[in-house]
Amino acid sequence: MLCIAKQSDNDLKAFFKFELSPFPILLFTGESMRKGTKSSLYTSFSPITEDVKPEGSQYVVVGGGHLLHKIVWRQQATFGAIADRYVQYLNNKYGQDIAVIFDGFPDDDKKSTKNCERLRQAAHFSPDVMFHEETVLQYTKEKLLANECNKKRFIELLKKALQKANICVQQAVEDADLTIVNTAISVALQYDYVCVVGEDIDLLVLLTALASTHSNVFFFQKCGRGKTPDSYYSTTSFNHKFSNELLFIYAISGCDITSALFGQGKNKFISLFLKHEELLKRAATFLNPQATTEQVTEAEGNVLVALYGGDPATQNLDGLWYHSFVKATAKTKFNLARLPPTTDAAQLHAMRSYHHVQTWLGNEKDPLKWGWTHTPSSLFPNKSEKDPALESLLQCISCTCKKGCTNACGCRNAGLHCSLLCKHCIGQSCENPMPVILDNESEEGDAPAPIDMVDEQLECEDIEL
């Protein structure tokens, strides 16, 4: 269809400045950001093999999310008895100098960039249960804590039990990881060493990037499961010399608040910077609190061109996408998500990555100026600033649906309303009709309601000229 719609080779290249899909499928799966395997980055760290408990005083900072899942909840036990088991576990395992830090739940989650991730994780329905210390457990721990209201309620109950046992308890405003690491850094001068306890690779990344400049001894204890023993890491465990750029690498390769790139895992980014050390200079832009959107976009654009095999000195992302597409079409089958992002998609991804790096560094930025947009329920990532394709190409898309024009409709999957070009419905007798525009309607009137998108790989069916 692209070849038929074009009038010249320049027209064909112009098509590839657009997504050619309702959203960047490299970065999103329907409404959700793509998520990679964060734990794969552990291979870039070497655990400590010698004694990790030197003589002297220690302070232990325990991640509340990790702690919640560490204790087995016995059926028919009261919630008070369950809370007491957590207290006993902490005292036996770590002694007296302990801080436990839980995630927070902001009152106005419509301003939270973390909320869309919480919505993604809350995929399973769980009943809302009212309970207190004397209430007997009737559900499994997993089912109960899958409901955010239940989780808030249990954390409050557990906090009281911990405080009664003189264990320091904090609750972050939102995500606890940064508060955990900053707490460890803040008490370091009072102790011979500080240990951060959890499972999430985020804690090790933040500890490496933010505490490596301190002379104090920090450890990260990655707790094993079952018969797997605990592993210990220090702020010097990162195998490569660019620990200062680790926050940048971690953000652009995908974390809780940013999208992963399809088929581009974290270790591919590590390999890229080992091969092209000159690209590390681009990371400095993301560490600069005064950087502009243009500088951030250019810096990530250069990195992504190199990641997809191009030359940042002579190519941009749109040109690279065009050449990659032409090369891919020679194959019998290929996945559109494996192609490089457009400049538009990369810019929005770069802005969100920059915003998150600055949050880690303690610099508050307005998310609405850095790749996020308001929705009625919360903040969501802005997927694109452009239409899916040039208008001349959009007019060539039609469907052959015989009834309904529902989820399998090619027009709907392309993010378009049906039109007069459609063979059977002609854009009227279906569930995806052309919007009715009255002659006296203002040009500044309300836009047509958005079309529901289908969470698929966008290998659209029933599209023809």
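In this text, all values refer to a predicted model and were calculated from it rather than measured experimentally.

(A) Just helix α4 (residues 79–94), in detail. With 16 residues, α4 should reach 22 Å at 1.5 Å per residue; the first-to-last C-alpha distance of 23 Å fits that figure. Among all positions of α4, only F79, G80, I82, A83, Y86, V87, Y89, L90 and Y94 are buried. One or two steps after α4, the chain reaches G95, where phi turns positive at roughly 85 degrees.

(B) View of a positive patch on the surface. A cluster of basic residues, K268, K327, K331 and R338, forms a positive patch on the protein surface. Within the secondary structure layout, R338 lies in the loop between α14 (317–328) and α15 (343–360). Residue R338 is classed as exposed on the basis of its relative accessible area, which comes to 53%.

(C) Inspection of the packing of aromatic side chains at higher detail. Tallied over the entire structure, the rule returns 19 aromatic pairs. Taken together, a centroid distance of 5.7 Å and an interplanar angle of 80 degrees make the contact between Y193 and F219 edge-to-face. Placement of Y193 in strand β6 (residues 193–198) and of F219 in strand β7 (residues 217–222) is noted, with a sequence separation of 26 residues between them. Here Y193 falls in the buried class, since its relative accessible area comes to 6%. A ring pair is formed by F238 and F242, whose centres lie 5.8 Å apart and whose planes are at 75 degrees; its orientation type is edge-to-face.

(D) Spotlight on the pairing of strand β4 (residues 98–102). For β4, the tally of buried residues reaches five of five residues, placing the bulk of the element in the interior. Here β4 shows two buried faces, one formed by I98, V100 and F102 and the other by A99 and I101. Bridging between strand β3 (residues 58–63) and β4 involves four bridges; their strand directions are parallel. Residue V61 lies in a different strand from β4, and its bridge partner there is A99. Inspection of the sheet shows β4 paired to strand β5 (residues 168–171) by four bridges, in the parallel sense. Opposite F102, over in β5, you have Q171 as the bridge partner.

(E) Inspection of the sheet that holds β7 at higher detail. Across the sheet, which stays open at both edges, the six strands sit in the order β5-β4-β3-β6-β7-β8 with mixed pairing between neighbours. A single partner strand is all that each edge strand has here, and the edge strands are β5 and β8 (231–234). When strand polarity is set aside, the average angle formed by the axes of neighbouring strands in this sheet is 20 degrees. Relative to β7, β6 runs parallel, the two sharing six bridges. Within β7, the position partnered with V196 by the bridge is F220. Across the face of the sheet, α4 comes into contact with β3, β4, β6 and β7 while running at roughly 145 degrees to β3. In the packing of helix α9 (residues 201–211) onto the sheet, the strands contacted are β6, β7 and β8, and the crossing angle to β7 comes to about 170 degrees.

Calculation notes
Residues numbered from 1 in each chain as written. Predicted model: local features only at pLDDT ≥ 70, side-chain atom pairs only at ≥ 80, totals over all residues. Heavy atoms only, no water. Helix = DSSP H or I, 4+ residues; strand = E, 2+ residues; numbered from the N terminus. Expected span 1.5 Å × (residues − 1). Buried < 20%, exposed > 50% of the residue type's maximum accessible area, 1.4 Å probe, protein only. Patch = residues over 30% accessible without salt bridge, like charges linked within 9 Å, V, L, I, M, F, W, Y side chains within 5 Å. Areas by Shrake-Rupley, 256 points an atom, 1.4 Å probe, with all protein chains shown as cover. Salt bridge = Lys/Arg side-chain N within 4 Å of Asp/Glu carboxyl O. Lys, Arg positive; Asp, Glu negative; His and termini not counted. Charge placed at Lys NZ, Arg CZ, Asp CG, Glu CD. Phe/Tyr/Trp six-rings, centres within 6.5 Å; stacked < 30°, edge-to-face > 60°. Pairing = 2+ DSSP bridges. Axes fitted to C-alpha atoms, helices over the stretch in contact; angles between N-to-C directions. Contact = heavy atoms within 4.5 Å.

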